[in-house]
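A closer look at the structure
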Amino acid sequence: MILAQREAVRAAEARAVTAESRAGTAQAQAAAAQTRASAAEARATAAESEAKYRALQIEKLKYTIAKLRHEQFGQSAERGAILEQLELQLADLEEDAAQAEAQAHQAAASATVKVESFERRKPARRPLPEHLPRERIVYPSPSACPCCGGALHKLGEDVTETLELVPRQWKVIQHVREKYSCRSCEAVTQPPAPSHPIARGRAGPGLLAHVLFAKYGLHLPLNRQSATYAREGVDLDTSTLADWVGAAAATLMPLVERIRAHVFAAERIHADDTTVPVLATGKCRTGRLWVYVRDDRPFGGAAAPAAALFYSRDRGGEHPGQHLAGYAGLMQADAYAGFNKLYETSRRPGPIVEAMCWAHARRKFFDLARINKAPIAIEAVERIDALFAIERDINGKPPAERARIRNERSRPLVIALEAWLREQRKTLSAHSETAKAIAYSLNRWTSLTRFLDDGRLCMSNNAAERALRCVAVGRHNWTFAGSDEGGRRGAAIYTLIETAKLNDIDPQAWLADILARLPDHPVRRIDELLPWNWQRAGPAKAAA
């Protein structure tokens, strides 16, 4: 329809040119004017129609995104890529629609006939942040009445606010230590040298925090940061930035160790791992980043959430064994065989209790339902989603209440689901994909259903997957870790950033503050600088 209207516009404009060339009389000139008006009207109509079409597409995408966001625990791998692609497409369409709307208004204004312009529904406009400084620009008013020349008296004012960005400011801070001598004894007195976040470094804590967060939180490699700083008039070589990152990581290690100890003191943890390419001689090899998350908020726990990350050269089972050497409790994880030794009853200091992830089991059916439209898979997803709906109702309640509600509402659904899965498996070939998805769940049924008896457990391992999302996004930017030491350093900084985010703390502001305070801070009071304690320290937060 839009293409046809565009053709009509071009045809109308051609007729206008032809009419003008033949305009030798007043009647011909009038006809040419009428043709030009028709062309303008057609142009406005086409622009209006295109704006409406773009707006319709936007609404469809908004509906799809809203639906995905409200599905059961939908921030897992099967939806992440789809949602990101839809959001990118939506942003492009929003820009296209705004451009088309502006063109429609321009065409309507230039037409000699009245054309009803299309008004696109405006998005909700949030108020501008109150904490930002305000700069007043007062436009001069006439000194006298433009009509009669009489004196003017102010009635009020209309204020329109616009948000503006001021480029960041670089500065050099000079630390001056004046020397004084005593006229009596000739002794020389001078204040002690101030402590710096890193030895041999000329970077302040704010700059160090910015470099760290840009690399690990915003996924900007150091060479890109160096190029950005150069465009701002500050030459910082990549090697200099790398030296700063390594020194800052060493300074921050006491906090990393305290966060890891806090995580492994939990009653229940989430565990997962992901790949990280590592530069080797002539090629890249695949290392692993492991994450262990403590988050007691789903069962009303008062302990602060935290994430501990570790790096290893490969995915051998000995690595989680070393990480969890002193831990005994509940662990929510996937079906990785390397965890099996942790679940043995003879393990010291005690066995780890395995709790499997329903999101992984659901994903097997979800892929079949989405791609093959398999009826059994579709029904399995619906049955599992009913369990997740109950979980959302009891999120944040005490363990005893969660267990009671699960026993009343979830257990009958789980019993019916198991019976239904076993019945469906009898009708399928053992080699079919649906049968394999069913077998995945039934072979792990004890671990999958353990959440029914313990209110501290969740149905999914999404907490660990969310903590590793920063690594997945970063891989597309920094491509690989430079060495095993770089992998270990990345795990340490990711531990700090992800823990700060879990506690609703701005990672960059927190890093800047603790880098400034750590050199002179007593080791025995290191817990005061942890994110959950720093959040409650009002003066420290304000100073950052």
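In the block above lies the structure referred to throughout.
Figured I'd write up the structure that's included with this text.

How each quantity is defined
- Residues numbered from 1 in each chain as written.
- Predicted model: local features only at pLDDT ≥ 70, side-chain atom pairs only at ≥ 80, totals over all residues.
- Heavy atoms only, no water.
- Helix = DSSP H or I, 4+ residues; strand = E, 2+ residues; numbered from the N terminus.
- Buried < 20%, exposed > 50% of the residue type's maximum accessible area, 1.4 Å probe, protein only.
- Salt bridge = Lys/Arg side-chain N within 4 Å of Asp/Glu carboxyl O.
- Pairing = 2+ DSSP bridges.
- Axes fitted to C-alpha atoms, helices over the stretch in contact; angles between N-to-C directions.
- Contact = heavy atoms within 4.5 Å.
- Phe/Tyr/Trp six-rings, centres within 6.5 Å; stacked < 30°, edge-to-face > 60°.
- Expected span 1.5 Å × (residues − 1).

**Section: unusual backbone geometry**
With an omega dihedral of 10 degrees, the bond running from Arg-348 to Pro-349 counts as a cis peptide bond. Structurally, Pro-349 can be placed in the loop between strand E6 (330-333) and strand E7 (353-356). Its identity as a non-glycine residue notwithstanding, Glu-186 has a phi of 65 degrees, on the positive side. By relative accessible area, Glu-186 is classed as exposed at 65%. Backbone geometry at Lys-373 places phi at a positive 55 degrees, although glycine is not the residue there. Position of Lys-373 among the secondary structure elements: in the loop between helix H8 (358-371) and helix H9 (375-394). Among the residues examined, Lys-373 registers a relative accessible area of 57% and is labelled exposed.

**Section: the pattern of salt bridges**
For the structure on display, the rule yields 30 salt bridges. Ionic pairing is found between Arg-136 and Glu-157, a salt bridge with its closest N-O pair at 3.2 Å. Note that Arg-136 is positioned in the loop between helix H3 (77-110) and strand E1 (180-181) and Glu-157 in the loop between H3 and E1, a separation of 21 residues in sequence. Look at Arg-136 and you get exposed, because its relative accessible area is 57%. Exposure remark for Glu-157: the relative accessible area of 44% places this residue in the partly exposed category. Shared partners join several salt bridges into a network, and the residues in it are Arg-136, Lys-154 and Glu-157.

**Observations regarding the pairing of strand E4 (residues 283-294)**
In this sheet, E4 lies alongside strand E3 (residues 268-280) in antiparallel orientation, the contact comprising eleven bridges. Bridge pairing in E4 places Asp-272 opposite Val-291. With seven bridges connecting them, E4 and strand E5 (residues 306-312) associate as antiparallel partners. Bridge pairing in E5 places Arg-288 opposite Ser-312.

**Quick word on the sheet that holds E6**
Read across the open sheet, the five strands follow the order E5-E4-E3-E6-E7; overall the sheet is mixed. Looking along the sheet, the strands with just one partner apiece sit at the ends: E5 and E7. Put simply, the sheet's adjacent strands are angled 30 degrees from each other on average, direction ignored. Across the sheet, helix H15 (residues 484-502) touches E3, E4 and E5, and the angle it forms with E5 is around 170 degrees.

**A few points about the packing of aromatic side chains**
All chains considered together, the criterion is met by ten aromatic pairs. When the centroid spacing of 5.3 Å and the interplanar angle of 75 degrees are considered together, the rings of Trp-170 and Tyr-229 count as edge-to-face. Taken as a pair, Trp-170 in the loop between H3 and E1 and Tyr-229 in helix H5 (residues 222-231) lie far apart in primary sequence, 59 residues in all. For Trp-170, a relative accessible area of 30% corresponds to the partly exposed category.

**A closer look at the side chain of Arg-260**
Position of Arg-260 among the secondary structure elements: in helix H6 (residues 238-263). According to the relative accessible area criterion, Arg-260 is buried, its value standing at 11%. With sequence-adjacent residues up to four places away left out, Arg-260 is seen in contact with Met-253, Ala-308, Leu-309, Phe-310, Ala-491, Ala-492 and Thr-495.

**Some thoughts on the environment of Ala-249**
Here Ala-249 is to be found in helix H6. For Ala-249, a relative accessible area of 6% gives the class buried. Counting along the chain gives 37 residues from Ala-249 to Leu-212, while the straight-line C-alpha distance between them is 8.8 Å. Those residues in contact with Ala-249, other than ones at most four positions away along the chain, are Arg-489 and Ile-493.

**Notes on H15**
With 19 residues, H15 ought to run about 27 Å at 1.5 Å a step, and its terminal C-alpha atoms sit 27 Å apart, in line with that. Most of H15 sits out of view: 14 of its 19 residues are buried. Looking at the residues trailing H15, positive phi occurs at Asp-504, about 60 degrees.

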